[in-house]
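Residues per chain, in single letters:
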Amino acid sequence: MKFRDRLTFKHAPSVSEETQDELRILKREINLARNIQTQLLNAKPPKLISGEVIGSSIPARLIGGDYFDFYPLANGKIRIVIGDVMGKGIPAAMLMILTRGAFRSAAESTAGPGETLTAMNNALYNDLRSLKSFVTVFCSDWDPKLGILTFANAGHHLPLYFDENKVEELPKVTGVMLGGLPNQVYHESQIHLKPTQTVYFYTDGIVEARNQEGEQFKLERLINTLLQNQGRSVQELEQAVVLNVFQFMNGVNQKDDITMVILQVGEHSTDIACYNSPMIQSEGGMHDE
C-alpha cells in the first residue's frame, strides 16, 4: 500500500494539520523539481538543414535520473550525450543535474567526446564516490559536413545505427562508468554514416522493461521495432518505440526511466544551424547570418 493510500485508509490514525501542511509543501516542491527537470530535458534540439535529431525521456517516477543533451560546437559539429544515473527518484535526479553541469562545462573546453568524458569523470568522481553512485554516459560528436560520428563510452549501451534492412551496434569502444575509477582516459572511435541512416541512442529502461510474466523487452524487440519503422521521421520513430514498449508492458508499472535520442542523417550534405552561429540559405550559397 502506498503512503498516500495509508493516509486515507479508514482505520489509519488522523493526520495533524501540521503534517498535512508539510505533505502539501513536499508535494509542491517535488512538482517544482519535476518542472525544472522537464525544462532542462525538453530544450529545443538543434535544427538540421538536412536530417533531424530529437531526444525524449519518460521518468519512472515523478522525476528521473536519465539524461540527454545537445551542445552545438563552434566548428559546425554537434555534441550529443546520453546518460543513466544509478538509482531512481529525487537522489538520481539531483545527480543528473550535476552530470548536466559537468557536461556543459566540459563541452565548452574539450576537443572531442573522449576528452569530454575524461573531464566529466574528473569533475564528478569525488562526489559520486562519496555518494556510492555512478553514471553511465555515451558521448558523440556528429560532423554533418564529413558525415562522421566520433564517440566515446563510459559504461553505457552502444547506440544502434540502421538503414533499410539492417540494424547494428556502433563499433565497440569501452570505458569505465563515471565515478568508477579516478584519472580515466576515454578513447574514441568513429564511423562514417551514409545518407538516410539513423542512429538510435537509448538507456536500459527500454530493453529492461518487463511485462506481466516478468519477461524483458530486450534488444531483439527494439531492433525489430526500428526495422519495422525504418524510413519514418524521428518523431514517428520515437512514438513507435514508446508505443511498443508500453504495449509489451501491458499495464505493468514502469520500473526505470525510458530515454532515447534519435539522429537521422539527411539525404544530402548536412550542415547544422545552431543557435550560437545560425546558418541561412541564400542565392549565393550558405553563409553566417
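Residues numbered from 1 in each chain as written. Predicted model: local features only at pLDDT ≥ 70, side-chain atom pairs only at ≥ 80, totals over all residues. Heavy atoms only, no water.

Participant: So what's going on with the environment of His 187? Which residues, and what values?
Facilitator: With respect to the helices and strands, His 187 occurs in the loop between strand S8 (167-169) and strand S9 (189-192). Taking the C-alpha atoms as reference points, His 187 and Ala 154, separated by 33 residues in sequence, lie 9.8 Å from one another. Here His 187 is in contact with Phe 151, Ala 152 and Val 173, once residues within four sequence places are set aside. (Helix = DSSP H or I, 4+ residues; strand = E, 2+ residues; numbered from the N terminus. Contact = heavy atoms within 4.5 Å.)

Participant: Quick rundown of the confidence of the model for the protein chain? Include the residues and the values.
Facilitator: In low-pLDDT segments, the atomic positions of the prediction should not be examined closely. Scored by pLDDT, the protein chain comes out at a mean of 84, with 81% of its residues at no less than 70. Throughout residues 1-12 the model reports pLDDT below 50, and contacts reaching past four residues in sequence, or to other chains, amount to six contacts. Taken together, the stretch residues 270-289 has pLDDT below 50 and engages in 38 contacts with residues farther than four places along the chain or on a different chain. (pLDDT = per-residue confidence, 0-100.)

Participant: I'd like a description of the sheet that holds strand S3 (residues 66-72), backed by residues and values.
Facilitator: The pairing of strands in a sheet happens through backbone hydrogen bonds and is either parallel or antiparallel. Reading across the sheet, the five strands line up as S3-S4-S5-S6-S9 and stay open at both edges, with antiparallel pairing between neighbours. The sheet is open, and its two edges are formed by S3 and S9, each paired on a single side. Sheet twist, expressed as the mean angle between neighbouring strand axes with direction ignored, is 15°. Alignment of S3 against strand S4 (residues 78-85), held across seven bridges, turns out to be antiparallel. In the sheet register, Asp 69 faces S4, and the bridge partner there is Val 81. Relative to the sheet, helix H3 (residues 89-109) contacts S3, S4 and strand S5 (135-143), its axis offset from that of S3 by approximately 20°. (Pairing = 2+ DSSP bridges. Axes fitted to C-alpha atoms, helices over the stretch in contact; angles between N-to-C directions.)

Participant: Tell me about the nonpolar core, and please be specific about residues and values.
Facilitator: Phe 103, Leu 117, Met 120, Val 137 and Leu 178 are the most contacted members of the largest nonpolar core, which has 23 residues in total. Top contributing element to this core by residue count: H3, with seven residues. Once you skip the residues sitting within four places of it in the chain, Leu 117 turns out to touch Val 137, Cys 139, Ala 152, Asn 153, Ala 154, Leu 178 and Tyr 186. (Core = buried A, V, L, I, M, F, W, Y, C linked by side-chain atoms within 4.5 Å. Buried < 20%, exposed > 50% of the residue type's maximum accessible area, 1.4 Å probe, protein only.)

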